[in-house]
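Each chain, letter by letter, is given below.
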Amino acid sequence: ATIRGQEIIGKIHVSAEVPLYEGMGRARVRRWFNPLYLFGKSEGGKYSGNRNTVGLAGYYKGLELPLVKINEKMRRAGLPEWKGQEELAIDFARAVVDATQFRYDVGDFPRVIRNNLGRLLGQFKTYGANQILNSVNVIRGKPLAGLELFFPEGLSKSQQIHQAVIHFGMLFTQGGIR
């Protein structure tokens, strides 16, 4: 990442938010002999990885969001407003990471797999469930779960088509049509 990109990654702070299973401290994830070491490297390296790349894209998209309209919706809902465009962009970046890369913390797990054996067997099951929920939102023409707040007027028809092409295009690219 560039120096500016590194500064933004430091502000949005999404790379360290991959607690792969409860009780595994950050220092243990970084050891090469850890079974999830390579996953952690690709998912959230210091200045690279999926989470940081998506976070940077979300930050720059957040700079383009209509702050005034979003703050009006916040005011009507009785929620605190954003102080400025950069604060909105940082929060949007974090929300985009959560909506697309998902969270791997225990709170995201179904209750039946929150014990040690369940966490071992169901480590990545939340990803599939969250991906299905995102697909349902795309089909309905809604923003991805967790991003509704940032689109106070909903998605335009062109945004809906764009979101569907990107979403299902990536699914077919990764998994094939069969």
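Residues numbered from 1 in each chain as written. Predicted model: local features only at pLDDT ≥ 70, side-chain atom pairs only at ≥ 80, totals over all residues. Heavy atoms only, no water.

Peer 1: For this particular structure, what's the right way to read the overall build of the chain?
Peer 2: Within the chain one finds nine helices and zero strands. Secondary structure of the chain in N-to-C order comes out as α-α-α-α-α-α-α-α-α. Sorting the 178 residues of the chain into buried and exposed places 37% on the buried side. By sequence separation, contacts in the chain at least 24 residues apart represent 61% of the contacts at least 6 residues apart. Working note: accessible area of the chain is about 11,000 Å², and carbon and sulfur atoms make up 60% of it. (Helix = DSSP H or I, 4+ residues; strand = E, 2+ residues; numbered from the N terminus. Buried < 20%, exposed > 50% of the residue type's maximum accessible area, 1.4 Å probe, protein only. Contact = heavy atoms within 4.5 Å. Areas by Shrake-Rupley, 256 points an atom, 1.4 Å probe, with all protein chains shown as cover.)

Peer 1: Hey, could you run me through the packing of aromatic side chains in this one?
Peer 2: Aromatic rings considered in pairs are described by the distance between their centres and by the relative angle of their planes. In the structure shown here, the tally under the stated rule is four aromatic pairs. Centre to centre, the rings of Phe92 and Phe151 are 6.3 Å apart; their planes meet at 75°, and the pair counts as edge-to-face. With a gap of 59 residues between them, Phe92 in helix α6 (residues 85-100) and Phe151 in the loop between α8 (125-140) and α9 (157-175) connect regions that are remote in the sequence. Phe92 sits in the buried class, given a relative accessible area of 3%. Residue classification places Phe151 among the buried residues on the basis of a relative accessible area of 18%. Members of the aromatic cluster, joined through ring pairs, are Trp82, Phe92, Phe150 and Phe151. (Phe/Tyr/Trp six-rings, centres within 6.5 Å; stacked < 30°, edge-to-face > 60°.)

Peer 1: Would you mind going over the packing of helix α1 (residues 3-12) against helix α4 (residues 50-62) with me for this structure?
Peer 2: Pairs of packed helices are described in terms of their axes, by the angle between the two and the distance that separates them. In the contact formed by α1 and α4, the axes pass within 10 Å of each other and the chain directions differ by 95°. Considering their axes alone, α1 and α4 lie roughly perpendicular with respect to each other. Within the contact between the two elements, α1 uses Arg4, Gly5, Ile8, Ile9 and Ile12 and α4 uses Asn52, Gly55, Leu56, Tyr59 and Tyr60. Partitioned by chemical class, the residues of the contact of α1 with α4 number six nonpolar, three polar and one charged. (Axes fitted to C-alpha atoms, helices over the stretch in contact; angles between N-to-C directions. Parallel < 35°, antiparallel > 145°, perpendicular 65-115°, else oblique. Nonpolar A, V, L, I, M, F, W, Y, C, P; charged D, E, K, R; others polar.)

Peer 1: What's the story with the pattern of salt bridges in this structure? I'm lost.
Peer 2: Two side chains bearing opposite charge may form a pair once their charged atoms approach each other closely. Evaluation of the coordinates by the stated rule reveals seven salt bridges. Between Glu153 and Lys69 there is a salt bridge, with its nearest N and O atoms 3.0 Å apart. Here the residue Glu153 occupies a position in the loop between α8 and α9, and Lys69 occupies one in helix α5 (residues 67-77), the gap between them amounting to 84 residues. When its relative accessible area of 62% is taken as the criterion, Glu153 is described as exposed. The class of Lys69 is partly exposed, set by a relative accessible area of 38%. For Glu87, the salt bridge is made with Lys83, and the minimal N-O distance between the two is 4.0 Å. (Salt bridge = Lys/Arg side-chain N within 4 Å of Asp/Glu carboxyl O.)

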